[in-house]
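As a plain string of letters, each chain reads:
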Amino acid sequence: MYIITKEVFFCYGHRLMNHAGKCRNLHGHSVKASISIKAEQLDEQGMVCDFSDIKACVKTYIEKELDHNFLLHKDDPLIPALIANNERFTALNEHPTAEVLSKMIYHYLHAQGFNVDQVTLWETSSASACYREN
Ligand SMILES: [Zn+2]
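Residues numbered from 1 in each chain as written. Predicted model: local features only at pLDDT ≥ 70, side-chain atom pairs only at ≥ 80, totals over all residues.

> When you look at the overall build of the protein chain in this model, what are you seeing that I'm missing?
Counting its regular elements, the protein chain contains three helices and six strands. Reading the protein chain from its N end, one meets helices and strands in the order β-β-α-β-α-β-α-β-β. (Helix = DSSP H or I, 4+ residues; strand = E, 2+ residues; numbered from the N terminus.)

> Would you explain unusual backbone geometry in this entry?
Glycine aside, residues mostly have negative phi, and peptide bonds are mostly found in the trans state. Its identity is not glycine, yet Asn 18 carries a phi of approximately 65 degrees, on the positive side. Relative to the assigned elements, Asn 18 resides in the loop between strand 1 (2–14) and strand 2 (27–39). One non-glycine residue, His 68, lies in positive phi territory at about 50 degrees.

> I'm lost on the pairing of strand 1 in this one. Help?
Looking along a regular strand, one sees side chains alternate from face to face of the sheet. Judged from the 13 bridges that link them, strand 1 and strand 2 form a sheet pairing that is antiparallel. Note that in strand 2 the partner of Phe 10 across the bridge is Val 31. As judged from the three bridges shared by strand 1 and strand 3 (residues 69–73), these two strands associate in the parallel manner. Note on strand 3: the bridge partner recorded for His 14 is Leu 71. (Pairing = 2+ DSSP bridges.)

> Would you mind going over helix 3 (residues 98–111) with me for this structure?
Since the α-helix advances by 3.6 residues per turn, residues separated by three or four positions end up pointing in the same direction. The terminal C-alpha atoms of helix 3 lie 20 Å apart, and with 14 residues this matches the ideal 20 Å at 1.5 Å per residue to within 8%. On its buried side, helix 3 packs onto strand 2, helix 1 (51–65), strand 5 (116–124) and strand 6 (127–131). In the segment just after helix 3, Gly 113 is the residue with positive phi, at about 100 degrees. (Expected span 1.5 Å × (residues − 1). Contact = placed C-beta atoms within 7 Å.)

> Is there a simple way to explain the nonpolar core in this structure?
Across soluble globular proteins, you tend to see nonpolar side chains buried next to one another. Ranked by size, the top nonpolar core spans 21 residues in total, and within it Ile 35, Ile 37, Ile 54, Leu 101, Ile 105, Val 119 and Leu 121 carry the most contacts. Within the residue set of this core, elements represented by two or more residues are strand 2, helix 1, helix 3 and strand 5. The element best represented in this core is helix 3, accounting for six residues. Leave out the neighbours within four places in its chain, and Val 119 touches Ala 33, Ile 35, Ser 102, Ile 105, Tyr 106 and Tyr 131. (Core = buried A, V, L, I, M, F, W, Y, C linked by C-beta atoms within 7 Å. Buried ≥ 20, exposed ≤ 12 C-beta atoms within 10 Å, placed from the backbone.)

> What exactly am I supposed to notice about the environment of Arg 88 here?
Looking at the element boundaries, Arg 88 is found in the loop between helix 2 (79–84) and strand 4 (90–92). Along the backbone, Arg 88 and Ala 111 are 23 residues apart, and their C-alpha atoms lie at a distance of 25 Å. Beyond its immediate stretch of four places on either side in the chain, Arg 88 contacts Asn 69 and Phe 70.

> Help me out: how do you make sense of the sheet that holds strand 6 in this one?
Taken together, the six strands give an open sheet; going across it, the order is 4-3-1-2-5-6, and neighbouring strands pair in mixed fashion. A single partner strand is all that each edge strand has here, and the edge strands are strand 4 and strand 6. The sheet shows a mean angle of 35 degrees between the axes of neighbouring strands, taken without regard to direction. Of the pairings in the sheet, the one linking strand 3 to strand 4 comprises three bridges and is parallel in character. Within strand 4, the position partnered with His 73 by the bridge is Leu 92. Against the sheet, helix 1 touches strand 1, strand 2, strand 3 and strand 4, its axis set at about 20 degrees to strand 1. Across the sheet, helix 3 touches strand 2, strand 4, strand 5 and strand 6, and the angle it forms with strand 5 is around 145 degrees. (Axes fitted to C-alpha atoms, helices over the stretch in contact; angles between N-to-C directions.)

This is the structure we're talking about:
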């Protein structure tokens, strides 16, 4: 099995409703997503796939859905205030944790035809969450 990994960087704001710790407050993160693509065999160029193809695909998704966006649980009572102030946000069906964002990126790339091994989101330089399906 061959695995290649491409790193992409972006920023987002969020808060974790009902969380006991400081993540219950509005705050933001500047994160790194490490995207690993796998292949049993290499293509005719000796590659799993081109790094630039991963970047081009995920960049479109991240810029549209995540980067400099505010991510909230769909039941967050802040949502009406954001709407009233014409602020950008996305309401998620799940809590906007690093785990959930990893899964969102994984599913997008998988749907675009990439053979994704795992997506790891580094929320800080010492804390990451990973999503994989097998
Ligand atoms: Zn946070």
